[in-house]
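One letter stands for each residue in the lines below.
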Amino acid sequence: MTLRMSSVDAVSRAVPEAAARAGTVAELGSVLSQHLATVLPHDGYLLSGFDPVTGARCFLACENSYSSRARRRMDRANALGRTRRPVADLLHGPCPAVVLGAGAQDPCPDTRRLHGIMAADDYGSELCIALSRHGVARGALVLLRERTSRPFSPAEKTRAARLAEPLAAAVTRYVTDKPLRPRQVHLPPAVVVIGKNDEIAGATPAGREALRGILPGVYPASDQELFSFIWHITYTARRTAMPAITRAPTPLGWFSLQAHPLDGAMTGDTVVTLQPAAPTELLPALARWYGISPRERTVIEQALQGLAAKQIARRLNLSPHTVNDHFKAVYRKTGVTGREELIACL
């Protein structure tokens with residue numbers, strides 16, 4: 001047991017640095033899985049990153065995981081409060097990890113439904129870990145074991161709970177260790193309509209091309225799974241019958257994914273758009289990811305209006321020196337070289 005716990009400590013130290021070096025979401029999932037395999041053996045995994053403001057999924061990495069059909073069923077069941085214990089419950093509960101399926105000590109309300117979805121893909125046990133940092137949800141990691149493997153044990157659940165915070169730091173490092181850069185391409189908005197029967201009712205041709213260009217950076221999907229990424233944001237919107245938004249970091253820059261239920265209905269058609277994130281949409285998420293303070297964010301908002309440092313100082317009743325100090329702090333946190341590059345990135 002002493003050797004195993006020391007291994008957990010080693011993994012805790014290693015995963016943030018390894019995540020910082022990952023170039024894509026697929027690489028992030030792979031390196032985390034490799035490190036975790038030494039203390040939590042598993043047959044597959046599903047790693048989700050969450051928008052730190054809205055909690056909606058902003059990227060996904062998976063390997064030897066559920067099929068796209070099973071993921072859709074789980075997203076839908078989860079949105080209705082079934083199948084999985086909501087990650088929010090884990091974040092605010094006594095333990096950030098839970099075993100579901102075989103080996104579960106505290107089964108979720110609809111265990112039979114969960115077992116049916118898992119069994120269809122030959123999985124028997126999953127270990128779900130909620131990832132939060134400074135009280136903000138950063139993602140969730142689901143480790144999977146096949147039906148022929150032994151279920152996750154209570155001891156492994158305890159190990160997973162110890163790794164929750166380092167894994168949250170790893171997801172944060174993956175995003176924030178890459179300096180902000182201006183978008184490399186200017187793609188047209190992708191527009192997809194999800195029908196009430198959960199089928200694609202329509203999509204713009206330009207939208208399909210935009211999805212093909214952007215999504216490999218946030219979701220390692222094959223062409224036949226082109227639209228799989230949009231299901232989570234669709235069900236997020238349907239759960240509240242309100243518009244939902246997530247901001248996704250991609251190798252081509254930050255993009256926003258928004259879902260709007262038509263006629264405010266929870267079960268009707270939903271319009272999903274994917275487009276470059278506007279400054280007013282992007283800044284709240286960046287502030288959470290990069291640890292930008294409320295005062296620093298206010299200074300950025302003034303700069304986005306084209307105000308000079310002296311004008312910002314007068315408007316905020318600060319000294320120009322203090323305003324410049326705020327800018328320097330933002331440059332250091334985001335990795336940009338100056339104000340012009342910061343504005344260009346936003």
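So, here is what we can say about the structure in this document.

**Looking at the overall build of the protein**
Here comes step 1: Along the protein, the regular secondary structure elements total 13 helices and 10 strands.
Here comes step 2: Looking at the 346 residues of the protein, the share that counts as buried comes to 50%.
Here comes step 3: A separation threshold of at least 6 residues defines the contact pool for the protein, and within that pool the share at least 24 residues apart is 63%.
Here comes step 4: Total accessible area computed for the protein in this model is approximately 15300 Å², and 52% of it derives from carbon and sulfur atoms.

**Details of the side chain of threonine 234**
Here comes step 1: One can find threonine 234 in helix H8 (residues 230-240).
Here comes step 2: Among the residues examined, threonine 234 registers a relative accessible area of 0% and is labelled buried.
Here comes step 3: Excluding its chain neighbours within four sequence positions, the residues that come into contact with threonine 234 are Ile194, Ala259, Thr270 and Val272.

**Notes on the layout of surface pockets**
Here comes step 1: In this model, the second largest pocket occupies a volume close to 300 Å³.
Here comes step 2: Along the wall of the second largest pocket there are 18 residues; nearest its centre are Lys178, Pro179, Thr250, Pro251 and Trp254.
Here comes step 3: Going through the elements one at a time, helix H6 (154-176), strand S8 (244-250) and strand S9 (253-261) are the ones with two or more residues in the lining of the second largest pocket.
Here comes step 4: Looking at side-chain class alone, the lining of the second largest pocket contains 11 nonpolar, four polar and three charged residues.

**Notes on unusual backbone geometry**
Here comes step 1: The backbone of histidine 134 shows a phi angle near 55°, a positive value even though the residue is not glycine.
Here comes step 2: Among the secondary structure elements, histidine 134 is positioned in the loop between strand S4 (123-133) and strand S5 (136-146).

**Re the sheet that holds S5**
Here comes step 1: Read across the open sheet, the five strands follow the order S2-S1-S5-S4-S3; overall the sheet is antiparallel. In the strand order of this sheet, the two ends are held by strand S2 (57-63) and strand S3 (97-101), each with one partner. Averaged over all pairs of adjacent strands, the angle between their axes in this sheet comes to 15°, without regard to strand direction.
Here comes step 2: Sheet analysis places strand S1 (residues 44-50) next to S2, joined by six bridges and oriented antiparallel. Across the sheet, residue phenylalanine 50 finds its bridge partner in S2, namely arginine 57.
Here comes step 3: Of the strands in this sheet, S1, S2 and S5 touch helix H2 (residues 25-36), which is tilted by about 125° from S1.

**Observations regarding the packing of aromatic side chains**
The description of an aromatic ring pair uses the distance of the two centres, along with the angle that the planes make with each other.
Here comes step 1: Considering all chains together, one arrives at three aromatic pairs under this definition.
Here comes step 2: Ring geometry for phenylalanine 59 against tyrosine 174: centres 5.8 Å apart, planes inclined by 65°, an arrangement best described as edge-to-face. Placement of the pair is phenylalanine 59 in strand S2 and tyrosine 174 in helix H6, with a sequence separation of 115 residues.
Here comes step 3: Overall, the relative accessible area of 0% leaves phenylalanine 59 in the buried class.

What counts, and at which threshold
Residues numbered from 1 in each chain as written. Predicted model: local features only at pLDDT ≥ 70, side-chain atom pairs only at ≥ 80, totals over all residues. Heavy atoms only, no water. Helix = DSSP H or I, 4+ residues; strand = E, 2+ residues; numbered from the N terminus. Buried < 20%, exposed > 50% of the residue type's maximum accessible area, 1.4 Å probe, protein only. Contact = heavy atoms within 4.5 Å. Areas by Shrake-Rupley, 256 points an atom, 1.4 Å probe, with all protein chains shown as cover. 1 Å grid on protein atoms, 1.4 Å probe; cavity = no way out; pocket = protein on both sides within 12 Å on 5 of 7 lines; lining within 4 Å. Points joined across faces, edges and corners; volume = space filled by probe spheres on them. Nonpolar A, V, L, I, M, F, W, Y, C, P; charged D, E, K, R; others polar. Pairing = 2+ DSSP bridges. Axes fitted to C-alpha atoms, helices over the stretch in contact; angles between N-to-C directions. Phe/Tyr/Trp six-rings, centres within 6.5 Å; stacked < 30°, edge-to-face > 60°.

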